[in-house]
Amino acid sequence: MNLISIRDVDKNEIESILDLAEKMENKSTKDLEGKIIATLFFEPSTRTKLSFQSAAERLGMKVIDFIAETTSLKKGESFIDTIKVVEGYADIIAMRHPKEGSARLASQLSKIPVVNGGDGANQHPTQTLIDLYTIRKYKGKINGLNVGLIGDLKHARTVHSLVYALAMFGANIKLICPKGLELDSAHLEEIQGKFNITLEHTSEVDFKGLDVLYAVRIQKERFADPYEANSIAAKYQITMNNLEGVKDDFIILHPLPKINEIDPEIDDTKYAKYFEQAHFGVPVRMAVISHLMKRIET
Ligand code: NCD
């Protein structure tokens, strides 16, 4: 009844959530009227929090919100006590926290479902469902596509969830990143052990032959030395030159926020699909909330 890691859902379950999201696009229902979602964000968020709130409203739910700066956290209340209290105020929790494992801990403490909107550098499963939804929308499939992931693969939780899902769905994965920001070997070993996939690791920026590029920002807040983050970020920007020779139907995705990793000129090209991707956050999160709430009813 929780969604903490992308490993919590199998291919069939993901497909049924994506199918449900398809039906929810541009709809408002009264399906969950009378139910309440608590959005607990202990870390900054624009899209994840707002689209969870919008999704809940579109399902007829009410939203209670929590702003870390103005709550009893400031008085020193523990995370554990906060969860134990909030579970009595709502029917489902969507949360984000800077510590890895915090969402799992909340789900163990809580009697109501918990959805992880990002726990440190660990997981961001609902973003991955949005990413898969967007790929399926533009490409009609995921299996067999050539998907490149570029940027801070070491610290980006969106990548840690997405790479697993792409492997599960049989995409060919190309990992492109500056030295030192590679995906941890534990992730690679896990997906190579579980799925039969083609995987390439490179620091060379070449998008020829790719169907999809997924870019992520340098996750400055997760660096021990922010100056190092800035210097890498300055060297790694996708420009119009990089788009020469790409497939005609190539698409670029990004979970956003983007800082300077994509030249803004690219926003106006046919390749850029990241704003559409952000909009799909609403139907996909409507589907996730419905799916989890239905599961507790049955
Ligand atoms: C991401 C996150 O918080 O992990 N944002 C999002 O949810 N769309 C990406 C990021 O912060 O780089």
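Reading the values: the criteria
Every chain is numbered independently, its residues counted from 1 as its sequence is written. Owing to the predicted nature of the model, reporting of local features is limited to residues with pLDDT of at least 70; listing and counting of side-chain atom pairs is limited to 80 or more, with chain, interface and lining totals taken over all residues. Where side-chain values are given, they derive from all heavy atoms of the structure, hydrogens and water being excluded. Strands are runs of DSSP state E lasting at least two residues, helices are runs of H or I lasting at least four, and both sets are numbered from the N terminus onward. Note that the radius of gyration is over C-alpha atoms, with the globule rule given as 2.2 Å times the number of residues to the power 0.38. Exposure classes here rest on a 1.4 Å probe applied to the protein chains alone. A residue is buried below 20% of its type maximum, exposed above 50%, and partly exposed in between. Should any heavy atoms of two residues lie within 4.5 Å, those residues are considered in contact. With residues, only the protein chains shown are counted as cover, and all accessible areas are computed by Shrake-Rupley using a 1.4 Å probe. An automatic or database domain assignment supplies the start and end points of every domain. Buried area is understood as the total, over both parts, of accessible area removed when two parts are fitted together, assessed with a 1.4 Å probe. We define a salt bridge as a side-chain nitrogen of Lys or Arg found within 4 Å of a carboxyl oxygen belonging to Asp or Glu. Two strands qualify as a pair provided that DSSP identifies no fewer than 2 bridges between them. With strands facing away from the observer, any crossover in which the path from the first strand over the helix to the second runs clockwise is taken as right-handed. Simply put, an axis is a line fit to the C-alpha atoms, just over the touching stretch for a helix, and the angle between two N-to-C directions goes from 0 to 180 degrees. In what follows, roughly perpendicular refers to angles from 65 to 115 degrees, roughly parallel to angles under 35, roughly antiparallel to angles over 145, and oblique to any angle outside these ranges. It is the rotation of the near helix from the far one that decides the hand of a crossing: anticlockwise by less than a right angle makes it left-handed, clockwise makes it right-handed.

## Observations concerning the overall build of the chain
Of regular secondary structure, the chain possesses 10 helices and nine strands. For the chain, the C-alpha radius of gyration of 19 Å lies close to 19 Å, the compact-globule estimate for 298 residues. Reported as C-alpha extents along the three principal axes, the dimensions of the chain are approximately 55 × 45 × 40 Å. Split into buried and exposed, the 298 residues of the chain put 55% on the buried side. In the chain, the proportion of contacts linking residues at least 24 apart, taken out of those at least 6 apart, comes to 75%. A total of about 13,100 Å² of accessible surface is found on the chain, and carbon and sulfur atoms cover 49% of it.

## Digging into the domain arrangement of the chain
Segmenting the chain into domains produces domain 1 (6-123 + 280-297) and domain 2 (125-278). Taking only C-alpha atoms, the centre of domain 1 and the centre of domain 2 are 25 Å apart. Carbon and sulfur atoms make up 61% of the area that domain 1 and domain 2 hide from each other, which totals about 2,700 Å². For the domain 1 face of the interface with domain 2, the top three residues by lost area are Ile 6, Arg 47 and Phe 280, together amounting to 28%. At the surface where domain 1 touches domain 2, the tally comes to seven salt bridges. Among the salt bridges present, the one from Glu 190 reaches Arg 7, with a minimum N-O distance of 2.7 Å.

## Some points on the pairing of strand S3 (residues 92-97)
Among the six residues in S3, six count as buried, and that is most of the element. Of the two faces of S3, the one lined by Ile 92, Ala 94 and Arg 96 and the one lined by Ile 93, Met 95 and His 97 are each fully buried. The pairing of strand S1 (residues 36-41) with S3 spans five bridges and is classified as parallel. If you follow Ala 38 over to S3, its bridge partner there is Ile 93. In this structure, S3 lies alongside strand S4 (residues 114-119), joined through four bridges in parallel fashion. The partner of His 97 across the bridge, within S4, is Asp 119. In the classification by handedness, the crossover that spans S3, the intervening helix H4 (residues 102-109) and the parallel S4 is right-handed.

## Regarding the packing of helix H1 (residues 11-24) against helix H5 (residues 125-139)
Look at H1 against H5: their axes get within 10 Å of each other, and the N-to-C directions meet at 70 degrees. It follows from the interaxial angle that H1 and H5 lie roughly perpendicular. Note that H1 runs across H5; the crossing there is right-handed. In this structure, H1 uses Ile 14, Glu 15, Ile 17, Leu 18, Asp 19, Ala 21 and Glu 22 to contact H5, whose residues at the interface are Leu 129, Leu 132, Tyr 133, Arg 136 and Lys 137.

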